[in-house]
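# Observations on the model geometry
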Amino acid sequence: MTATELSHHARTFPLAGRAKDLVGSMIDSSTSLLAAQKHDIVRFAMGSPADEAVPADEFREIAGSILDHTSFTYGASEGEPRLLDLLVKYLAGTPDPAGEDRLVITTGGMQGLDLACKLFVDPGDLVITESPTYTNGSATALSYGAQLLEVPVDDEGMVVDLLPDLVARTHRTPKAIYTIPNFQNPSGVTLSLERRKALLELAHKWGAVIIDDDPYALLRFSGEEIPTFRTLSPDDPLLFSVRTFSKILAPGWRVGWIDADPALRQLLINGKQAMDTCTNVPNQHIVAEYISRGGLDDHLVSIRELYRIRRDAMLTSLQTHLGDDVTSTNPDGGFFLWVTLQGKYAELDTRELFEIALAQGVAFIPGPALSPGGHFRNALRLCFASSTPERIDEGVRRLKSALDLALATS
């Protein structure tokens, strides 16, 4: 809806002031857009696990064997006890162990981000965000009235050294810092150890909470592990960690969790009770049973290798078909490549390219959709996780055809 249309409706409906800041998501909207297409499309747009990476047969068997009357009533707002217990045991073997007093089960990672903003962001507060970023996250902050400060990203993640000067220019103190430290969406880059330490120092200096949105940490398939924020600063009350099963099991479950200071737990429960009462109970039971059977580690080993092969296939296809006319990040995990047009394609706008590419049978997310300020017109996000190497190569071929058509008509 345009500003003019919103203004017209504001005269018709008694909209709250915050309604103007509900910006929506091109990423999520692409699901409906692609469903409406009648021709074959290679889908590099949505950040979804591969169909074959979802243990659907096991999920069906679990659902048929364990769901009973306890699965179809209200559940505890903080999460089903069995899932919480199993999650604590599972996390004990990861870099971020957590007691149950730190955890709240959420309806996907997005609810975790919403609760973070509900607790920490007042209208007018300054919130730091990476640029580019996952704009569903920044849109959540905007919906609570935040003023966003975009900070550039390079091959080592957020350029933290720029923060003091950028913040000083605002003449304000940031309230929150939103970061995706591992295999960032959309760039695929990982925040370096030195920058993690520096970001913690700045957060402590400002009294700003770090909203640590990390859906991909368990999907590292190359490179060395980097200590997490909580490893670097244990029991830090300024760390608010948002996690999800969406990328490692299935996004349709809408089951995630928050790891935060125990003093916040009741506030989080209160905030969640004003949203949805409880996360989907049958889905929590299925996820809990899947974890209890002990297959999650083997599953992760399998999909890491799958995604490594697909990353390599996409990098190879980009080099083969587009060569020096594009540059790309080379992530050590996760789902995404960030591609920047250069050479003969440097002046093309990926927003205009999107429609041409869709007609050619390939979908991506244009760069401006991944920046609150609409930057990166010559960049785009590609998801390598959800397509086979053969489909990846076909999709890149189609992308080249779209680029050539856009160049010919520019």
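In what follows, the structure referred to is the one given above.
Just so you know, these numbers come straight off a predicted model, no measurement behind them. (Residues numbered from 1 in each chain as written. Predicted model: local features only at pLDDT ≥ 70, side-chain atom pairs only at ≥ 80, totals over all residues. Heavy atoms only, no water.)

## A look at the nonpolar core
Across soluble globular proteins, you tend to see nonpolar side chains buried next to one another. Phe245, Leu249, Tyr307 and Leu382 are the most contacted members of the largest nonpolar core, which totals 72 residues. It is helix α12 (residues 296-322) that contributes the most residues to this core, eight residues altogether. Beyond its immediate chain neighbours, meaning those up to four positions away, Tyr307 contacts Pro49, Ala50, Ala53, Leu219, Phe221, Gly334, Phe335, Phe384 and Ala385. (Core = buried A, V, L, I, M, F, W, Y, C linked by side-chain atoms within 4.5 Å. Buried < 20%, exposed > 50% of the residue type's maximum accessible area, 1.4 Å probe, protein only. Helix = DSSP H or I, 4+ residues; strand = E, 2+ residues; numbered from the N terminus. Contact = heavy atoms within 4.5 Å.)

## So, the packing of aromatic side chains
Evaluated as defined, the whole model comprises eleven aromatic pairs. Judged by centre distance (5.8 Å) and plane angle (85°), the rings of Phe354 and Phe364 are edge-to-face. Taken as a pair, Phe354 in helix α13 (residues 350-360) and Phe364 in the loop between β12 (362-363) and β13 (365-366) lie far apart in primary sequence, ten residues in all. Relative accessible area serves as the criterion here: at 6%, Phe354 is assigned to the buried category. For Phe364, a relative accessible area of 0% gives the class buried. What links up through ring pairs into an aromatic cluster is the set Tyr216, Tyr307, Phe335 and Phe336. (Phe/Tyr/Trp six-rings, centres within 6.5 Å; stacked < 30°, edge-to-face > 60°.)

## With respect to unusual backbone geometry
Put simply, Ser131 and Pro132 share a cis peptide bond, and its omega is 10°. Take Pro132: it is sitting in the loop between β3 (126-131) and α6 (135-143). Cis rather than trans, the peptide bond between Asn185 and Pro186 has omega equal to 20°. Positionally, Pro186 belongs in the loop between β6 (176-179) and α8 (193-206). Of note in the backbone geometry, Phe183 takes a positive phi value of approximately 55° without being a glycine.

## Examining the pattern of salt bridges
Scanning all chains against the criterion turns up 27 salt bridges. For Asp125, the salt bridge is made with Lys175, and the minimal N-O distance between the two is 2.9 Å. Placement of the pair is Asp125 in the loop between α5 (108-120) and β3 and Lys175 in the loop between α7 (163-170) and β6, with a sequence separation of 50 residues. The exposure class assigned to Lys175 is partly exposed, which follows from its relative accessible area of 31%. By sharing partners, the salt bridges in this structure join Asp40, Arg391, Glu394 and Arg398 into a single network. (Salt bridge = Lys/Arg side-chain N within 4 Å of Asp/Glu carboxyl O.)

## Quick notes on the sheet that holds strand β14 (residues 379-383)
Sheet architecture is open: four strands sit in the order β10-β11-β14-β13, paired in antiparallel fashion. Only two strands of the sheet have a single neighbouring strand rather than two, namely β10 (326-328) and β13. (Pairing = 2+ DSSP bridges.)

## Some points on the side chain of Glu130
By secondary structure assignment, the location of Glu130 is in strand β3. Despite its burial, Glu130 pairs with no opposite charge, the nearest such side chain being Arg195 at 8.8 Å. Looking at Glu130, its side chain comes within polar contact range of the side chain of Thr179, at 2.6 Å. Of note is the side chain of Glu130, whose polar atom sits 3.0 Å from the side chain of Gln184. (Lys, Arg positive; Asp, Glu negative; His and termini not counted. Polar contact = N/O pair within 3.5 Å; in protein donor to acceptor, adjacent residues only side chain to side chain.)

## A look at helix α4 (residues 81-91)
Given 3.6 residues per helical turn, the α-helix brings residues three or four places apart onto the same face. Of all the positions in α4, only Leu83, Leu84, Leu86, Leu87, Tyr90 and Leu91 are classed as buried. In this structure, the buried side of α4 is in contact with β2 (103-106), β9 (256-259), α10 (265-273), α11 (281-292) and α12.

## Some remarks on the sheet that holds strand β8 (residues 239-244)
Pairing is mixed across the open sheet formed by eight strands, whose spatial order is β2-β9-β8-β7-β6-β3-β4-β5. At either margin of the open sheet sits one strand with a lone partner, and together these are β2 and β5 (157-158). Pairing of β3 with β6, which is carried by three bridges, proceeds in the parallel orientation. Directly across from Thr129, in β6, lies its bridge partner Tyr178.

From the geometry alone we can't say anything about function, so treat these as descriptive.
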